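So you can see what is in the structure, the chains are spelled out below.
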Amino acid sequence: MAARKPYVGGNWKMNLNGREAKELATALADGFTLGDQAEAAVFPAFPYLEKVGQALAAKSSSIKLGAQDFYHQPNGAYTGEVSLAMLKDVGASVVLVGHSERRHVIGEPDTLINDKVLAALETGLEVILCIGEKIDQREADKTDHINTGQLGYGLAGVSEAQMARVTIAYEPVWAIGTGKTATPQDAQDTHKVVRQALSFLYNDDIANAVRLQYGGSCKPSNAADLFAQPDIDGGLIGGASLKADDFLAILQAAADKAGVPA
Ligand code: 13P
């Protein structure tokens, strides 16, 4: 069975100004030389996508440019929204969908998340579908139920062929930006359940090929232990992706896992 290539995303959220975003992209492009062993993507805020893309391209970096959000309609009267064609136009090749802050702060329902997943895949982009339980759901023993539910809703109508462009990010809501990380074993347990659910929804080959990222207070000091788990194929990083040295150290931890058979 082919090994899954570790994959790490840096979700910059609503942080950094234009100068800082460009400087960070340049530092990452200079520092990331592990493109054969690990895949990397960064997700700047909309106004800086083009600038960050240009900074990466200037160094011929393998780091992919991604967007944190979009609207699934092709164009029209959607004030404030950004289309997939616009994102492609500025060089984005990957999008986040279903991030917990969009689900729980902005209020995006599963139906909209599914519409977005389908539209992005139909446009030819790559999707990182984020799922994760809240603390009360975890305490009520609903972790697996919530995560497999969000997975099934999010992927409804996604074809087997399209799954080659899908990554799942498990981000327990209680671990995001809180400094509380899931233990490697807790994260592995949920990743295993997610992979089994993919096997049920699709088949074993697809389940074994899809990369599963962990997100939630992942940092240089805990990345290697998390990535050492058999079903954790990298991470989706918030706070620690805003500092070049930290993000590069996490990428190194992911690259160190490369070559381990899936
Ligand atoms: P933190 O790494 O800041 O906890 O954020 C995780 C996250 O939400 C990435 O999408």
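Residues numbered from 1 in each chain as written. Predicted model: local features only at pLDDT ≥ 70, side-chain atom pairs only at ≥ 80, totals over all residues. Heavy atoms only, no water.

**Remarks on the layout of surface pockets**
The volume enclosed by the largest pocket comes to roughly 300 Å³. Lining the largest pocket we find 14 residues, and of these Lys 13, Met 14, Gln 68, Glu 101 and Arg 102 sit closest to its centre. A per-element tally of the lining of the largest pocket places helix α4 (residues 100–106) first, with 4 residues. Taken together, the residues of the lining of the largest pocket break down into 7 nonpolar, 3 polar and 4 charged. Each pocket or cavity is described by its volume, and for the second largest pocket that value is around 250 Å³. Residue lining of the second largest pocket: 19 residues in total, with Gly 177, Ser 217, Gly 238, Gly 239 and Ala 240 positioned closest to the centre. (1 Å grid on protein atoms, 1.4 Å probe; cavity = no way out; pocket = protein on both sides within 12 Å on 5 of 7 lines; lining within 4 Å. Points joined across faces, edges and corners; volume = space filled by probe spheres on them. Helix = DSSP H or I, 4+ residues; strand = E, 2+ residues; numbered from the N terminus. Nonpolar A, V, L, I, M, F, W, Y, C, P; charged D, E, K, R; others polar.)

**Some thoughts on the packing of aromatic side chains**
A full pass over the atoms with the stated rule returns 2 aromatic pairs. Directly above the aromatic system of Phe 70 lies the positively charged group of Lys 116, at a separation of 5.7 Å from the ring centroid. (Phe/Tyr/Trp six-rings, centres within 6.5 Å; stacked < 30°, edge-to-face > 60°. Lys NZ or Arg CZ within 6 Å of the ring centre and 35° of its normal.)

**Digging into helix α8 (residues 184–201)**
Taking 1.5 Å per residue as the helical rise, α8 with its 18 residues ought to reach 26 Å, and the 25 Å between its terminal C-alpha atoms agrees with that figure. Check the buried side of α8 and you find it contacts β5 (126–131), α7 (143–155), β6 (166–170), α9 (204–209), β7 (212–214) and α10 (220–227). (Expected span 1.5 Å × (residues − 1). Contact = heavy atoms within 4.5 Å.)

**Side note on the side chain of Thr 190**
If you trace the backbone, Thr 190 turns up in helix α8. Apart from residues lying up to four places away in sequence, Thr 190 is in contact with Thr 143, Asn 147 and Tyr 170.

**Some points on the pattern of salt bridges**
Counted under the stated rule, the structure contains 16 salt bridges. The shortest N-O distance in the salt bridge between Asp 233 and Arg 195 comes to 2.9 Å. With a gap of 38 residues between them, Asp 233 in the loop between α10 and β8 (234–237) and Arg 195 in helix α8 connect regions that are remote in the sequence. Residue classification places Asp 233 among the buried positions, given a relative accessible area of 3%. Arg 195 gets classed as buried once you look at its relative accessible area, which sits at 7%. Sharing partners across several salt bridges, the network here consists of Arg 4, Arg 195, Asp 231 and Asp 233. (Salt bridge = Lys/Arg side-chain N within 4 Å of Asp/Glu carboxyl O. Buried < 20%, exposed > 50% of the residue type's maximum accessible area, 1.4 Å probe, protein only.)

**Remarks on the site of the ligand**
With respect to spatial proximity, 13 residues lie near the ligand, and among them Lys 13, His 99, Glu 171, Gly 177 and Ser 217 are the closest. In the model, an oxygen atom of the ligand is placed 2.7 Å from a nitrogen or oxygen of the Lys 13 side chain. Interatomic distance of 2.8 Å between a side-chain N/O atom of His 99 and an oxygen atom of the ligand. For the ligand, the accessible surface in isolation is 310 Å², of which the surrounding protein chains cover 95%. For the ligand, the cavity whose grid points lie within 2 Å of the majority of its atoms is the second largest pocket. Grouping the constituent residues of the shell around the ligand by class yields 4 nonpolar, 7 polar and 2 charged. (Near = heavy atom within 4 Å. Polar contact = N/O pair within 3.5 Å; in protein donor to acceptor, adjacent residues only side chain to side chain. Areas by Shrake-Rupley, 256 points an atom, 1.4 Å probe, with all protein chains shown as cover. Sits in = over half its atoms within 2 Å of the grid points.)

These values are about where atoms sit, not about what they do.
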